[in-house]
Structures are given as structure tokens and as C-alpha cells.
Amino acid sequence: MFKSFFPQPKLFFSSFAIWTLLSILVWYFFGAQMGTAIGLPPLPEDAEPIINLSFFVTRDYVWFYLYVSVWALAFALFWEIYAKDHPWRHWSIWGSYFIIFTTYFDVQVSVLLNNWRRPFGDLLQNALTGKPGITEWDFYSLMITFWSIAFLNVGVFVVVRFFVSHYVFRWRTAMNEYYMSVWQKVRHIEGASQRVQEDTMRFATTFEGLSVSLIGAVMNLIAFLPILFALSKYVTDLPIIGAVPHSLFWLALVWSVFGTALLALVGIKLPGLEFRNQRVEAAYRKELVYGEDQADRAQPLTVAELYRNVRRNYFRLYFHYTYFNLARSFYGQADALFLLFMLVPTIVAVKITYGIYQQIATAFGQVSNSFQYLVNVWPTIVELLSIYKRLRAFEATIDNEPLPEIDQDYLRDANELPASQ
């Protein structure tokens with residue numbers, strides 16, 4: 001699954017994680033001093049937030065682009081040389097970096113929009129309360145600024161999705177070529193054709209989507225946690241709890257950890273059931289396909305038994321998804337009012353404006369959603385794990401290892417089917 005596309009996956013991903021962590025530590029401890037040394041000092045902390053596209057060409061960002069480019073280039077060139085014989089190294093190395101950078105850029109667009117929300121929210125509040133001196137152009141100018149940011153974001157989104165589509169297809173191609181090169185060793189595995197034709201595509205697409213969302217969640221935390229810390233100065237008292245330093249950060253953390261633990265607990269059985277569902281569907285479909293060409297296949301008793309397996313697994317899935325969806329829905333409804341409930345004392349005391357509230361709500365939502373990564377993508381993780389389990393049988397056969405236990409269960413079940421099978 002991985003070594004067909006990435007050079008030496010374990011070493012590649014572990015070195016990438018270490019290299020990234022090292023670059024982050026150097027940036028946070030020495031980045032400002034290094035930028036100052038080359039004539040790109042950071043902007044003053046009390047500088048007015050930028051709300052237009054010049055946000056992306058400030059000296060802070062120019063220095064950041066240079067810094068990241070040097071670290072990324074060093075890592076990529078090392079792997080280009082070290083894994084020079086790997087046929088997919090260009091796509092896996094440079095393509096991955098492109099996706100990571102554009103994900104970071106999308107997060108920064110969210111930060112820029114968050115900066116924009118305060119002046120627009122305050123302008124709207126002042127206009128609705130009848131404050132004099134507000135003109136129509138005040139609104140139109142801020143709307144034009146918003147459109148410029150939105151159009152840039154849309155343009156980048158279209159380009160990135162086009163690239164990601166090609167990236168995923170290349171990954172699928174790499175897996176397809178690898179599995180077909182050892183087809184004689186894996187052709188006897190249940191549903192082998194489906195695993196090569198369909199599961200490779202679904203694995204590449206699903207894994208890429210989860211990886212991008214995970215990277216986005218981490219980058220959202222890096223970008224919005226400082227904003228949330230700064231905004232916490234406006235929220236000094238919480239209902240029932242009272243005064244808590246950095247209250248918004250702790251609220252986001254505790255609430256998100258609770259939701260993640262809750263859904264991980266109630267959804268723990270779903271990956272195995274999803275895998276079994278694919279397995280029994282494949283067995284049923286395979287027998288029907290054989291029955292198209294062989295008169296002694298797809299006999300009534302055999303087909304009835306295979307379909308009973310399908311029905312039994314679906315009914316199990318329906319039951320387990322019922323309480324999972326119940327827990328997820330209740331948490332989602334509570335999440336919609338959680339922040340507002342916690343801000344009631346602050347709002348009643350008139351400690352924030354509407355613009356500040358908009359900033360708090362956006363920053364809290366970004367941080368909370370990042371902490372709630374597992375909550376948001378759990379059904380997709382379930383799907384990915386079921387696909388992984390199916391492809392893992394290929395890996396075991398290729399490496400002359402015992403089949404995973406769940407595939408051994410299938411072989412035992414198959415031996416118990418009616419004799420016509």
C-alpha cells in the first residue's frame with residue numbers, strides 16, 4: 001500500500017516527522033532572531049491586524065516562506081538522491097510537499113478572514129445601533145476586501161483539487177502495478193480482483209483525504225491557538241466554573257477531548273463490521289459471477305447461505321450505527337450551543353463587541369474542530385480501516401506471512417458452506 005508509492009515508507013515517514021518537528025522547534029526558538037539577522041524582523045505584537053491580501057507579502061510571511069523552502073528542499077533532495085531508483089519518488093516527495101504547503105495556505109486564508117470579521121462585525125453593530133458617521137462605502141469596501149480573499153481562495157482550491165486528483169491516481173497506479181507484478185501469489189485471495197481494481201483506488205483517495213484533513217487540523221491549531229490565547233483576555237468568567245486563565249483554550253481542549261473519547265468508545269466495533277461487510281458482499285458477488293459461466297455454481301442453497309451472511313452483517317451494522325449516530329448527534333447538538341453558553345456572563349457584562357464575538361467564535365471553532373479531528377472523520381477512518389484490512393491480506397501473502405485473523409475466519413466460514421460451493 002505504501003512502499004509502492006513512497007520510498008521506504010517507515011524510514012520516510014519517521015524521518016519526515018523528525019525533520020518537521022526539528023524545523024518547528026528551530027522556528028519557534030530562533031526564527032525571529034534569524035529573520036532579524038537577514039533584515040526581515042517580525043512585525044510588532046501591537047501592530048494592527050491586516051485584513052487584505054497584503055497579509056501574504058508582509059516581511060513575516062516572506063521570511064517564513066524562505067525558511068520553509070530551505071528545510072523542505074533539503075529533505076526532498078536527500079530523498080531524491082537516497083531513493084533514486086524508486087519510480088514514484090517525484091510524485092510522492094514533491095507532490096506531498098505541494099499538498100502540505102497549499103493546506104497551510106488555506107489555513108492562513110482562514111486567519112485572514114478571521115482578522116476581517118472584527119472590523120466588519122463592529123461596523124455592523126455600530127450601524128444597527130445608529131452610530132453617526134457610517135457610510136455605505138464603509139460596507140462596500142469591506143465587502144470588496146472579502147471578495148478578493150474569497151476569489152483567491154477559490155482559485156487555489158480549484159488548482160489544488162486538480163493536482164490532488166492526479167496525485168491520488170498516481171498512487172493508485174503504483175499500487176496497481178505492484179499488485180499485478182505479484183498477481184500469481186495473490187489471485188487465490190477472496191475478492192482479489194476487487195481488491196486490486198476498487199480497494200486500491202478507495203485506499204489512495206481515502207488516505208489522502210484523511211491525511212490532508214489531519215495536516216489541516218494541526219496547522220489550524222498552530223495558527224489559531226495563539227489567537228485564542230489572545231482573545232481569552234476578554235472572557236474572564238465562565239458559568240459555574242468562575243475565573244479560568246486562558247479560558248477559551250481550556251474550553252476547546254476539554255470539550256473536544258470529551259467528544260473524541262465518547263465517539264471512539266461507542267464506535268469501536270465499526271471497523272471490523274465494515275470489513276466483514278465487504279468480505280461477505282464480495283463472496284456473494286463472486287459466486288454469482290461464477291454462476292454466469294458455470295451451471296454447477298450459484299446453486300440456490302449456496303446463494304441463500306451467502307445472502308444470509310450479507311443480511312446478518314448488515315443488521316449488525318444497523319444496530320451498532322444506531323447508538324453511534326445517537327451519540328454523535330447529541331454531541332453535535334450540544335456543540336452548537338456550548339460556546340455561546342460559556343460566553344453568557346461575558347456577553348451580559350458587555351465585555352465584548354459583536355466583532356470580537358465573531359473572532360472568538362471563528363477561532364474557537366477552528367481550534368475545537370482541530371481537537372475534534374477523530375469526531376469529524378471517524379466514519380471515514382472506519383472505512384479506511386476496513387479497506388486496509390482487505391489489502392493487508394495481499395501484503396501478508398506477498399511476504400509469505402500468515403493471513404490476518406479476519407481472513408482466516410473467512411476461509412473457515414467458506415469451508416462450512418453447502419457442498420455446491
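You'll find the structure just up there.
Residue indices begin from 1 for each chain and proceed along its sequence in written order. Reporting of local features is limited, given that this is a predicted model, to residues whose pLDDT is at least 70; pairs of side-chain atoms are given and counted only at 80 or more, and all residues count toward the totals for whole chains, interfaces and linings. Hydrogens and water molecules were not included; the side-chain quantities draw on all heavy atoms of the structure.

1. Points about the overall build of the chain
We count a stretch as a helix when DSSP gives it H or I for four or more residues in a row; a strand needs E for two or more, and each element gets its number in order from the N terminus. When you go through the chain residue by residue, the secondary structure sums to 12 helices and zero strands. Along the chain, helices (α) and strands (β) appear in the sequence α-α-α-α-α-α-α-α-α-α-α-α when read from the amino end. A principal-axis box enclosing the C-alpha atoms of the chain has dimensions of 90 × 55 × 40 Å. Only protein chains enter the calculation, and the probe is 1.4 Å; a residue is then buried if its accessible area is under 20% of its type maximum, exposed if over 50%, and partly exposed in between. The buried share of the chain, reckoned over its 421 residues, is 42%. Any two residues having at least one pair of non-hydrogen atoms within 4.5 Å are treated as being in contact. Across the chain, every contact between residues at least 6 apart in sequence was considered, and the portion connecting residues at least 24 apart equals 78%. When the accessible surface of the chain is totalled, it reaches about 22,800 Å², and 67% of it is carbon and sulfur. In these tables, accessible area is a Shrake-Rupley quantity obtained with a 1.4 Å probe, and a residue counts as shielded only by the protein chains included in the view.

2. Some thoughts on unusual backbone geometry
Unusually for a residue other than glycine, Q8 sits at a positive phi of about 45°. The backbone of H246 sits at a positive phi, close to 55°, despite the residue not being glycine.

3. As for the pattern of salt bridges
In what follows, salt bridge is the name for a side-chain nitrogen of Lys or Arg lying within 4 Å of a carboxyl oxygen of Asp or Glu. Scanning the entire structure with this criterion turns up three salt bridges. A salt bridge links E80 to R89; the nearest nitrogen and oxygen atoms lie 3.0 Å apart. Just as E80 is buried, R89 falls in that class too. When the shortest N-O distance is used, the salt bridge between R308 and E305 registers 2.8 Å. Linking R308 with E305, this pair stays in helix α9 (residues 300-348), spanning three residues, or about one helical turn. Among the residues examined, R308 registers a relative accessible area of 36% and is labelled partly exposed.

4. Considerations on the nonpolar core
Judged by nonpolar contacts, the single largest core of 42 residues is most densely connected at F5, W171, M175, Y179 and F203. Among the elements of the structure, α2 (59-82), α3 (89-128), α4 (136-181), α6 (192-231), α7 (247-266), α9 and α11 (373-398) are those that each provide at least two residues to this core. Per the annotation, domain bounds derive from an automatic or database assignment of domains. For this core, the two domains that each supply at least three residues are domain 1 (2-235 + 373-414) and domain 2 (240-351). Once you skip the residues sitting within four places of it in the chain, F5 turns out to touch H86, W88, W91, S92, Y167, R170, W171 and A174. Put simply, buried Ala, Val, Leu, Ile, Met, Phe, Trp, Tyr and Cys residues joined by side-chain atoms within 4.5 Å make one nonpolar core.

5. Overview of the side chain of S110
Mapping S110 onto the fold places it in helix α3. In contact with S110, not counting residues within four places along its chain, are F224 and Q366.

6. A short note on α7
Spanning 20 residues, α7 covers 29 Å between terminal C-alpha atoms, matching the ideal 28 Å at 1.5 Å per step. What α7 keeps buried is the set S247, L248, F249, L251, A252, W255, S256, G259, T260, L263 and V266. Expected helix span is computed as 1.5 Å times (number of residues minus one).

7. A look at the environment of L270
Looking at the secondary structure, you find L270 in helix α8 (residues 270-293). Assessed through its relative accessible area of 1%, L270 is described here as buried. Each residue touching L270, except ones within four places of it in the same chain, is listed here: H320, Y321, F324, W378 and V382.

8. Observations regarding the packing of aromatic side chains
Under the pairing criterion, centres of Phe, Tyr and Trp rings, with the six-membered ring standing for Trp, must be within 6.5 Å; the plane angle then separates stacked pairs below 30 degrees from edge-to-face pairs above 60, leaving the rest tilted. As enumerated under the stated definition, the model contains 58 aromatic pairs in all. Between W171 and F203 the ring centres are 5.9 Å apart and the planes differ by 85°, which places this aromatic pair in the edge-to-face class. Taken together, the residues W171 in helix α4 and F203 in helix α6 connect sequence positions 32 residues apart. Of the two residues, W171 and F203, neither departs from the other in class, the shared state being buried. Aromatic pair W255 and Y331: ring centres 4.9 Å apart, planes at 20°, arrangement stacked. Of the two residues, W255 sits in helix α7 while Y331 sits in helix α9, which places them 76 residues apart along the sequence. Of the two residues, W255 and Y331, both sit in the buried class.

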